[in-house]
Amino acid sequence: MNFKYLLLFLVVSAFATSASAQKKKKKDKIELTELQLAQIHASYKKVFQDSLGFASAVADSVARIEKDFMLKKRNVMLNKEIPEDEKAIHYGMLDSDRDAILGSFLSIYDLDRFRAFIHRSEARQKQQR
């Protein structure tokens, strides 16, 4: 009789451990590592230099700002407490904030080119989904 309870306890504890490990693994998937963030920054910088012709220092600054706002948008997207219709409002506010910051050191021409580039990139991503 005790053997059955011991076996039941072992099965339940193994299941609980497995579920806990899967939950932790899922959480780890959500968090971006420093290496991933550095790769995102480097790829943004390269794209802004190659596609938009920004100087290295400008491309680096724009890449940092774009990465920061991408993370903020990601947090909004992953936040289950915000209704879907309000998320679009949050995205728009974040885009406006990003453009205001970029507008402080980019020319109007470069800012317009950046906006068009981002708009085309987002349209391409939506088509791929």
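Conventions used here
- Residues numbered from 1 in each chain as written.
- Predicted model: local features only at pLDDT ≥ 70, side-chain atom pairs only at ≥ 80, totals over all residues.
- Heavy atoms only, no water.
- Helix = DSSP H or I, 4+ residues; strand = E, 2+ residues; numbered from the N terminus.
- Buried < 20%, exposed > 50% of the residue type's maximum accessible area, 1.4 Å probe, protein only.
- Contact = heavy atoms within 4.5 Å.
- Areas by Shrake-Rupley, 256 points an atom, 1.4 Å probe, with all protein chains shown as cover.
- Expected span 1.5 Å × (residues − 1).
- Arc of directions from axis to C-beta.
- Core = buried A, V, L, I, M, F, W, Y, C linked by side-chain atoms within 4.5 Å.
- Phe/Tyr/Trp six-rings, centres within 6.5 Å; stacked < 30°, edge-to-face > 60°.
- Lys NZ or Arg CZ within 6 Å of the ring centre and 35° of its normal.

Moving on, we get to the overall build of the protein. For the protein, the helix and strand inventory stands at five helices and zero strands. Put simply, the protein has 129 residues, and 22% of those count as buried. Counting only contacts in the protein whose residues sit at least 6 apart along the sequence, the fraction spanning at least 24 positions is 51%. Here the protein has roughly 9,800 Å² of accessible surface; of this, 59% comes from carbon and sulfur atoms.

As a further point, take the environment of Leu102. Within the secondary structure layout, Leu102 lies in helix α4 (residues 84-103). A relative accessible area of 0% means that Leu102 is categorised as buried. It is 9.4 Å that separates the C-alpha atoms of Leu102 and Phe114, two residues lying 12 residues apart in sequence. Apart from the residues lying within four places of it in its own chain, the contact partners of Leu102 are Val62, Ile65, Leu111 and Phe114.

For α4, spanning 20 residues, the distance from its first C-alpha to its last is 29 Å, which sits close to the expected 28 Å at 1.5 Å a residue. The set of residues buried in α4 consists of Lys87, Leu94, Arg98, Asp99 and Leu102. Seen end-on, α4 carries its buried residues on one side only, within an arc spanning 135°. Residues Asp85, Ile89 and Ala100 are exposed on α4 and point more than 90 degrees away from its buried face. Those residues of α4 that are buried are in contact with α3 (56-78) and α5 (108-128).

Before going further, it helps to spend a moment on α5. Each α-helix winds once per 3.6 residues, and so residues spaced three or four apart point in a common direction. When the terminal C-alpha atoms of α5 are compared, their 30 Å separation across 21 residues agrees well with the 30 Å that a helix rising 1.5 Å per residue should span. The set of residues buried in α5 consists of Asp110, Leu111, Phe114, Phe117, Ile118 and Ser121. Burial along α5 is one-sided: seen end-on, the buried residues are contained in an arc of 125°. Facing away from the buried side of α5 by more than 90 degrees, the exposed set consists of Ile108, Tyr109, His119, Lys126 and Gln127.

Let us now look at the nonpolar core. Ranked by internal contacts, the top residues of the largest apolar core, which has 17 residues, are Phe48, Leu52, Phe54, Val62, Leu102, Leu106 and Phe114. Sorting the residues of this core by element identifies α2 (34-52), α3, α4 and α5 as the ones contributing at least two each. Sort the elements by how many residues they give to this core and α3 lands first, with six residues.

Turning next to the packing of aromatic side chains. Following the criterion strictly, the structure yields three aromatic pairs and no others. Between Tyr44 and Phe48, the ring centres sit 5.7 Å apart and the planes meet at 0°, which makes this aromatic pair stacked. Here the residue Tyr44 and the residue Phe48 both occupy positions in helix α2, the gap between them amounting to four residues, near one helical turn. For Tyr44, a relative accessible area of 22% corresponds to the partly exposed category. With a centroid separation of 5.5 Å and 65° between ring planes, the pair formed by Phe48 and Phe114 is classed as edge-to-face. With Phe48 in helix α2 and Phe114 in helix α5, the pair connects residues that are 66 residues apart, well separated along the chain. Exposure remark for Phe48: the relative accessible area of 1% places this residue in the buried category. Linked through ring pairs, Tyr44, Phe48, Phe114 and Phe117 together constitute an aromatic cluster. The residue whose ring lies beneath Lys72 is Phe69, and the NZ or CZ to ring-centre distance is 4.5 Å.

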